[in-house]
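Listed below, chain by chain, are the residues.
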Amino acid sequence: MDGEHAAVNGRKRSHPPQRSHHEVADALRSRIRSGELRPGQRMPTQAQLADEFGVERGAVRQALRILQSEQLLTNVSKGSPATVAPIPGKVPTGPEVPPQPTMVALAPRISAAFTARHVEIDALCLTAVSLTLALGEPLREIHAGRIKPDRIDVRVLLPSRDIDLAFPAPVAPSSDGRLQRRWLAQRNAQGQVLRHNLQALRSTHGIDVHVSFRALPFTPPVKLYLLNGSEALFAYYTVQRREQEVDSEQLETYDAEGTRSMLFAFEQGAGLRDTTFVEQSHLWFDALWETISSELLLTN
């Protein structure tokens, strides 16, 4: 079999679970962002992708069109395989850019923030999954020697383990705590990876790095990212009812998919409304950090 057209991850499952076109797009987007799929590389055929993900070709075509609209793929058609864009993820930034899903919009803005000598990132979110993924590209740029900030300060507000989460939560009342335990494991794992990847820059590149976490006494209905004191990125967590597999059992839940939340960008200096939103977002974040939040330990 032609290596260029092999299954993306080198594996095929005989009976893969049915996925939506959004899930197929998310999986392929992650492989492009991580460098597993390289610029200029031909994708597998639509038939091969349909077989790998266990979906109809129509779902594959929808997924590929999403990635083409995000400028991650070129030559998407019903004929020959698509190609990874020469500069994947080169998404324009600025207040005039329309809202985009977090998975699309956050990474290039985080990368732009890392070109500053002093990088400052404040984040309020549910698990820090999106932030950890978005940090991948600037970390690669640092390790490749193309950028080198002098200092990196990251502060993250996450829900406390001691509260009953509004979401994720089971639709039917339950006291077994399975969803809470799974969320807590994910929160801690993502936080540990984020902290480790950033703090490793001290020994590998001599960068002054500070990473701090605080616990919120509530479930945040929104996510917020503040970059270098000049930009605020804001998204709503839209809660939906959906079925999930939890501990090998299908469970009806209320949950939100944060990576797909539409991210609105506000930039200081781009007008009175944008400037005021950025300033007020910083005041709100600092107030939560300094008052009702508490020490957060990334342990179960």
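Residues numbered from 1 in each chain as written. Predicted model: local features only at pLDDT ≥ 70, side-chain atom pairs only at ≥ 80, totals over all residues. Heavy atoms only, no water.

A. Region of the structure containing the sheet that holds strand β6 (residues 169-170). Sheet architecture is open: 3 strands sit in the order β6-β11-β10, paired in antiparallel fashion. Bordering the open sheet on either side are β6 and β10 (240-246), each of which pairs with just one other strand. In terms of strand pairing, β10 meets strand β11 (residues 249-255) through 7 bridges, oriented antiparallel. When the sheet's bridge partners are listed, Glu243 is paired in β11 with Glu252. Taken strand by strand, helix α7 (residues 178-205) contacts β6, β10 and β11, and its axis lies near 80° from that of β10. (Pairing = 2+ DSSP bridges. Helix = DSSP H or I, 4+ residues; strand = E, 2+ residues; numbered from the N terminus. Contact = heavy atoms within 4.5 Å. Axes fitted to C-alpha atoms, helices over the stretch in contact; angles between N-to-C directions.)

B. The environment of Thr74, seen in detail. Structurally, Thr74 is set in strand β1 (residues 73-74). Of the residues examined, Thr74 reaches a relative accessible area of 29% and is grouped as partly exposed. Distance in space between the C-alpha atoms of Thr74 and Pro86 is 8.8 Å, their sequence separation being 12 residues. When residues no more than four places from it in sequence are discounted, the contact partners of Thr74 are Gln68, Ala82, Thr83, Ala85 and Pro86. (Buried < 20%, exposed > 50% of the residue type's maximum accessible area, 1.4 Å probe, protein only.)

C. Focus on the pattern of salt bridges. The tally for this structure, following the rule as stated, stands at 15 salt bridges. Residue Asp26 pairs with Arg260 through a salt bridge whose shortest N-O separation is 3.0 Å. Residue Asp26 is located in helix α1 (residues 21-34), and its partner Arg260 is located in the loop between β11 and β12 (262-267); the two are separated by 234 residues in the primary sequence. Between Arg117 and Asp150 there is a salt bridge, with the nearest N and O atoms lying 2.8 Å from each other. Of the two residues, Arg117 sits in the loop between α4 (102-113) and β4 (118-124) while Asp150 sits in the loop between α6 (136-143) and β5 (151-159), which places them 33 residues apart along the sequence. Because the salt bridges share partners, they merge into one network encompassing Asp26, Arg29 and Arg260. (Salt bridge = Lys/Arg side-chain N within 4 Å of Asp/Glu carboxyl O.)

D. Here's a closer look at the nonpolar core. Core analysis: the biggest nonpolar cluster contains 45 residues, and Phe114 and Leu198 have the highest contact counts within it. Setting aside its immediate chain neighbours within four residues, Phe114 contacts Val119, Ile121, Leu135, Pro138, Ile142, Ile147, Pro149, Ile152 and Leu198. Listed in part, the 22 residues of the second largest apolar core include Leu28, Phe53, Leu73 and Val84. (Core = buried A, V, L, I, M, F, W, Y, C linked by side-chain atoms within 4.5 Å.)

E. Looking closely at the layout of surface pockets. If you add up the space inside the largest pocket, you get close to 960 Å³. Among the secondary structure elements, those contributing two or more residues to the lining of the largest pocket are α1, α5 (129-134), α7, β8 (222-227) and β10. With 5 residues, the top contributor of residues to the lining of the largest pocket is α1. (1 Å grid on protein atoms, 1.4 Å probe; cavity = no way out; pocket = protein on both sides within 12 Å on 5 of 7 lines; lining within 4 Å. Points joined across faces, edges and corners; volume = space filled by probe spheres on them.)

F. Representation of α6. Taken residue by residue, α6 has Gly136, Pro138, Leu139 and Ile142 as its buried positions. Looking at the buried positions of α6, the neighbouring elements they touch are α4, α5 and α7. Downstream of α6 by one or two residues, Gly145 has phi in the positive range, about 80°.

G. Main features of the confidence of the model for the protein chain. Here the protein chain averages 86 in pLDDT, and 89% of its residues register 70 or above. Within the protein chain, the element-level pLDDT minimum falls on β1, averaging 82, and the maximum on β5, averaging 98. Scored below 50 in pLDDT, residues 1-16 shows 32 contacts in the model against residues more than four places distant or in partner chains. (pLDDT = per-residue confidence, 0-100.)

H. Molecular detail of unusual backbone geometry. Cis geometry is adopted by the peptide bond preceding Pro168, which originates at Phe167 and carries an omega value of -5°. By secondary structure assignment, the location of Pro168 is in the loop between β5 and β6. Positioned with a positive phi, Asn228 is a non-glycine residue whose angle comes to about 55°. Here Asn228 falls in the partly exposed class, since its relative accessible area comes to 23%. Residues other than glycine seldom take positive phi values, yet Asp247 does so here, at roughly 55°.

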